[in-house]
Every structure is written in structure tokens, then in C-alpha cells.
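Analysis of the macromolecular model
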Amino acid sequence: MNQLWEDLRWRGLIYQVTEEDALVQLLEQPQSVYVGFDPTADSLHVGSLLGLMMLRRFQAAGHRPIVVLGGATGMIGDPSGKSEERNLLDPEVLEKNTAAMQEQMRRFLDFSSSPRGALLVNNYDWMKDFSFLSFLRDVGKHFPVNVMLAKDSVRSRLEKTDSGISYTEFSYMLLQAYDFVYLYDHYGCRIQLGGSDQWGNITAGIDLARRMRHVTLYGATWPLLVKADGGKMGKTESGTIWLSPHKTSPYLFYQYWYNVSDEDVGKCLRYLTELPREEIEALDEARREAPHLRDSQRRLAEWLTQLVHGPEGLAEAQRASRLLFGEEIAGVPEATVLEVFAHVPGSRIPRSRLGSLTLVEALVASGLANSRGEARRAIEQGGAYINNRRVTDIEKVIGPEDLLGSRCLVLRRGKKNYALVEFVNQETEDASCRDAPLPTAQS
RNA sequence: GGGGGGUUUCCCGAGUGGUCAAAGGGGCCAGACUGUAAAUCUGGUGGCUCAGCCUUCGAAGGUUCGAAUCCUUCACCCCCCA
């Protein structure tokens, strides 16, 4: 059997597949393979990892990956897996998102001009000039409505009596189906991959190609990556885990994977890394023997952080993690602390406030608490720390003796929420957030 | 075009004139326990100058000593009929 396919099978990445034997046969020769991505945000996030890794595996095996950004389909909204009608996106926003996502993909795929170099296309380019009438004649003609109604993605929406589905979203399937035909015409692409929620769209494309071009195309899906507790991978209380270091620091990214549960980590190692089978099985074994060592989680976090943020990003994340968990902060050189907390949310407060600033105010200013009431509660419950030492005095006023070095201190709320507070000289500078979204901020 | 149902605090969802900052569940936060896990237990979960005050129940008006609860208009959502 084909080596790539065998590996995918072992990893559990093949959920559904059309005509498996023929598809595997096809893979003996270099092929073009496509996966669609939604340009709904200005960064890729953990949810896109599986698709990117999938293309990466195919590229490593000598095939050409085609990334299809759904510029057009993104304007419509995919009903699959959505419980509600989706908001439409502006063309300008889409363009911006597309550019940002492509940049990030370079980490995963080789976009060189070699025969197996990855391609990035945007379905907006071939959809924008398609007239409504010709689309109905050429594409819509091939879609029996009764078949569409039977698709899970549509049916579930129709059964939910309080939501319904608009004609626009109903038509989404046609657009995506046409993508496949277009890619076959222009790039000879005969294979589409996607998450299991895309199965209906993929098969719709295969059907359409058979009717319009009389060819057989192939599709396969990977299982959706969900946590054992049913939650979505890549989401935390504080929001989505992004791949952009500006939206999710390498430290938080690393920590996310480090905290994956035992139940899920084996699956993550298989789905998301290229670690060889022997190593993954050895980790499974180690995890059974000594779960508290968290070898699997560490390996997972290391591998992914290195891929997404590079060796420097990984080193930074590890350094921060060591300091934040376990090590006493007092006594660590100020420069080290500043460096480590550089990517942790922080705030600057005028130096003159030393001696009058209360802990409650500091917690609010640093974003660790959303209101004074919340800050007060955290202190009352023993969840507030200065430089990793618990403070239970509600009236606590921060003074010079609390500073680590000459100008900063580390606030902490609960087990894992840290913020750096810096006392600066400019009187005019307001207490402001220096970095992107705060871990505790609800937006 | 006609008829019906709905819009409550992060979510679901009670609440039909005062005892409502609003039951219950979920989520989330904190603590204990731990392995930076899970489960479990405990407490918390609108804001503040915090034994008091202020702002919330789709929006705007109105009735009333007093409204999430009653009336009017508007907006949006869902269903049925044409």
C-alpha cells in the first residue's frame, strides 16, 4: 500500500473517502491536492492546523498542495456545522485576511515554483465575474434540489425550526462544488480533502464534475479534532488560539498544547505532528507509566511551537514557562523578568502612584480583573499574587518595596494569569495595555 | 397580505405590578485536592466612593406611589396561512 496513505491511516486521519482503492492508486503518481480555507479572520488559528498539516504531508510525499482561500464562498457563508446564518464579509476585509493567511502558510508549505510547490488560489478570482444567469445554466442545472435538501448540512438547519436557512447560504454548496471543477480544469486537481464537516460539499463537487466533465474526482475527509470533553480544540476561556504571534504569543501557544488533556494528547500527536510512529507509541507508553511527567504534552507543545513560531519562539515560550511555573520570581534578574514577560499582557503606570496605588486598582489596570468588584473578590478568595506571593489584604497598597528591581512587578490572578506592571516616569502616560488581548478579558 | 409566537443578566432558561440585580442549569472565575491534567468539593459571578447607592430584562414613550411584569408605537427573529 502507498506509504503516505498507510501513514495517514495509522494516524487516524482518514475518516471518509470516496473510492479508496482508486484514490490510493492515483497517489502512486504525483497529484494535486486541494484543501479549502475560510478567510474569516486575519490570522490562521488552531482549527486550520489539521488542514495545513494534511497538505504538508502530501507535499512531503511528492504531491502538489493547492490552498484554496474561500474569498467568494467566505462572502456567502458555509452552512455546514453552523447553527445560524452567517454574517457576510466585506471584500476589503477578505483581501486583508487573505494576505495575512498566506504569509503564515509559508511556515507549513513550500511555495516554490517546483512541480510540487504549493499554490495558493482564491475562488473569488474565478467567481467574481461569473454571471448569475450563466451560473444557473452551467452549474445550478446539475443540482437536484431534493438531493441538496437531503444533505446533512442543509437538513439540520431546516429541522431547527427557529433558524432556517437563506437562499444564499443554501447555494453555498454549488459554489464550493464548482471550485473543484475549476481546479480540475486549470490544475488537473483530482483530490479534495477537508474536515468531516466538508463531506457534503466535497461529494457535491465530485458529482458536479461527473456531470459537467464526465470525470471521476476523489475526496477524503479527516475527523474533526474535538476534545474528549466535547469542546472545540483551539478555544480557551480567553478566546481562540491563533497562529499569529501578534494575536497569541508563542508562550500562550506553547502553554495551550502543554495543557492538553491526557485523553486528547495522543490524538494531537498523531494528527498534528510529523513525529514518527515509533516515537508516538513510545510516548503513549510513557504516558501510561508516568502521566505526571507530561512527556507527551511537552513534546507536542515543542513540536508545534517550533513549527509555527520557529526555534526562537519555542525558546522564548520555554523560558517563560519555566519562570512562571515553579521558580521564585524574587531574586531573578530584572532583565530576565522583563524579557520573559515581554509577551505577557502588561500595563504601565506612572511612577508617582507608587505608595498610593492599591492592589485592586493594579489588578484592574493590568487587565487581570474586569472590574474593581472582580479584583476585590479575587483577593478575598486568595487568588491574587504579587511576584508569586499571595496577598489577602484587600487594602494592600503597592509601594516601592514590592518592586522586583527598579521598576516592575509581576501580578498574578489565580494559577495562570500573569501581568507585568511597569512603573514609568512619564506622568502623562495612562495605564494602558501594551499587548494584544488579555487572557482574562472577555470581549 | 393575514394570523400566531417570541426578544430577560456571558449562554440556555424561570419570572406576568412591589418580598427582583432577577430562580435553576450551563459556562466562567477563585480556593482545596493535584500532574501547569481530569474528576470532585467549596465559594463567587452587573457596576460603584459597597451594611448604601447606581445601571440592567429588544428600543422609545405611557399608566402607576411603584414595571422585567400593564398599555402604545417601533425594530428584529421564528412559525402557520395566502
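What you see is a predicted model; the values in this text were computed from it and never measured.

**A look at the overall build of chain A**
From N to C terminus, chain A includes 19 helices and 13 strands. Considering chain A as a whole, with its 443 residues, one finds that 51% of them fall into the buried category. Long-range contacts, defined as pairs at least 24 residues apart, comprise 74% of the intrachain contacts of chain A with a sequence gap of at least 6. Here chain A displays about 20400 Å² of accessible surface, and carbon together with sulfur accounts for 49% of that area.

**Here we look at the sheet that holds strand β5 (residues 191-195)**
Consider a sheet: its strands pair through backbone hydrogen bonds, and that pairing is either parallel or antiparallel. Judged by pairing direction, the sheet is mixed, and its six strands sit side by side in the order β1-β6-β5-β2-β3-β4 without closing on themselves. Across the chains shown, the open sheet's two edge strands, defined by having one partner strand only, are β1 (16-17) and β4 (119-122). Where β1 meets strand β6 (residues 218-222), two bridges bridge the pair, whose relative direction is antiparallel. Residue pairing across strands places Gln16 opposite Thr221, the latter belonging to β6. Packed on one face of the sheet, helix α3 (residues 46-60) meets β2 (32-37), β3 (64-69), β5 and β6 and runs near 170° to β2. Those strands touched by helix α5 (residues 91-105) are β2, β3 and β4, and its axis lies near 155° from that of β3.

**Side note on the pattern of salt bridges**
Two side chains bearing opposite charge may form a pair once their charged atoms approach each other closely. Applying the stated criterion across every chain yields a total of 18 salt bridges. Note that Glu422 and Arg407 form a salt bridge whose closest N and O atoms lie 2.6 Å from each other. Of this pair, Glu422 sits in strand β13 (residues 417-424) while Arg407 sits in the loop between β11 (389-390) and β12 (408-413), and the two are 15 residues apart along the sequence. Glu422 gets classed as buried once you look at its relative accessible area, which sits at 8%. The exposure class assigned to Arg407 is partly exposed, which follows from its relative accessible area of 30%. Taken together, the shared-partner salt bridges connect Arg270, Asp284 and Arg287 into one network.

**Points about the packing of aromatic side chains**
Counted under the stated rule, the structure contains seven aromatic pairs. Geometrically, the ring pair formed by Tyr34 and Phe180 is edge-to-face, given 5.5 Å between the ring centres and 75° between the ring planes. With a gap of 146 residues between them, Tyr34 in strand β2 and Phe180 in helix α11 (residues 172-187) connect regions that are remote in the sequence. Comparing Tyr34 with Phe180, the two get one shared label, buried. Centroid distance Phe130 to Phe135: 5.2 Å. Interplanar angle 85°. Geometry classified as edge-to-face. Overall, the relative accessible area of 21% leaves Phe130 in the partly exposed class. Feature note: the residues Phe130, Phe135 and Tyr178 constitute an aromatic cluster, connected by ring pairs. Above the ring of Phe111, the side-chain terminus of Arg106 is found at 5.5 Å from the ring centroid. Above the face of the Tyr385 ring, Arg412 is positioned so that its terminal group lies 3.9 Å from the ring centre.

**With respect to the nonpolar core**
Counting 61 residues, the largest nonpolar core has Phe37, Leu49, Phe108, Leu193, Trp257 and Leu272 as the members making the most contacts within it. Of the residues that make up this core, three or more belong to each of domain 1 (3-222) and domain 2 (235-325). Setting aside chain neighbours within four positions, we find Phe108 in contact with Leu49, Leu52, Met53, Arg56, Leu243, Leu307 and Val308. One finds Val68, Ala72, Val121 and Ala177 within the second-largest nonpolar core, a separate group that totals 31 residues.

**As for the pairing of β6**
With respect to burial, β6 is a largely interior element, five of its five residues being buried. Residues Tyr218, Ala220 and Trp222 of β6 are buried on one face, and the alternating residues Gly219 and Thr221, pointing to the opposite face, are buried as well. Regarding topology, helix α12 (residues 199-213) serves as the crossover connection from β5 to the parallel β6, and that connection is right-handed.

Rules behind the numbers
Residues numbered from 1 in each chain as written. Chains lettered and ligands numbered in written order. Predicted model: local features only at pLDDT ≥ 70, side-chain atom pairs only at ≥ 80, totals over all residues. Heavy atoms only, no water. Helix = DSSP H or I, 4+ residues; strand = E, 2+ residues; numbered from the N terminus. Buried < 20%, exposed > 50% of the residue type's maximum accessible area, 1.4 Å probe, protein only. Contact = heavy atoms within 4.5 Å. Areas by Shrake-Rupley, 256 points an atom, 1.4 Å probe, with all protein chains shown as cover. Pairing = 2+ DSSP bridges. Axes fitted to C-alpha atoms, helices over the stretch in contact; angles between N-to-C directions. Salt bridge = Lys/Arg side-chain N within 4 Å of Asp/Glu carboxyl O. Phe/Tyr/Trp six-rings, centres within 6.5 Å; stacked < 30°, edge-to-face > 60°. Lys NZ or Arg CZ within 6 Å of the ring centre and 35° of its normal. Core = buried A, V, L, I, M, F, W, Y, C linked by side-chain atoms within 4.5 Å. Domains from an automatic or database assignment. Right-handed = clockwise from strand over helix to strand, strands pointing away.

Fair warning: the whole summary comes from geometry, so function is off the table for now.
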